[in-house]
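Listed below are the residues making up each chain.
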Amino acid sequence: MKQVIVDACAHTVLLDNTVTIQETELMRAIAITLDCPLPPFLMQKRGFRNKP
């Protein structure tokens, strides 16, 4: 269920094809709080990398 919430948030952020810094930080906080991986578009934007 947690991943579904993160995916829904990501779709909402991407709806207007523009990702603001505030949206990026909010998505990061949600993903960390729910202990879910960051969506790929956030990792590319902020330089995050998946942990092995």
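In the block above lies the structure referred to throughout.
Residues numbered from 1 in each chain as written. Predicted model: local features only at pLDDT ≥ 70, side-chain atom pairs only at ≥ 80, totals over all residues. Heavy atoms only, no water.

*Asks:* Teacher, can you tell me more about the overall build of the protein chain here?
*Replies:* Regarding its fold elements, the protein chain presents three helices and zero strands. In the protein chain, the order of α-helices and β-strands from amino to carboxyl end is α-α-α. A total of 52 residues make up the protein chain; the buried ones form 25% of that total. Sequence separation of at least 24 residues holds for 41% of the intrachain contacts in the protein chain that already meet a minimum separation of 6. Within the structure as shown, the protein chain displays about 4,100 Å² of accessible surface, and the carbon and sulfur contribution to it stands at 61%. (Helix = DSSP H or I, 4+ residues; strand = E, 2+ residues; numbered from the N terminus. Buried < 20%, exposed > 50% of the residue type's maximum accessible area, 1.4 Å probe, protein only. Contact = heavy atoms within 4.5 Å. Areas by Shrake-Rupley, 256 points an atom, 1.4 Å probe, with all protein chains shown as cover.)

*Asks:* Any chance you could explain the pattern of salt bridges here in plain terms?
*Replies:* A pair can form between side chains of opposite charge whenever their charged atoms are brought close. Within the structure shown, the criterion is met by one salt bridge. Notably, a salt bridge pairs Arg28 with Glu25, separated by 3.0 Å at the nearest N-O pair. With a gap of three residues between them, Arg28 and Glu25 both fall in helix α2 (residues 21–33), about one helical turn apart. The exposure class of Arg28 is partly exposed, given its relative accessible area of 28%. (Salt bridge = Lys/Arg side-chain N within 4 Å of Asp/Glu carboxyl O.)

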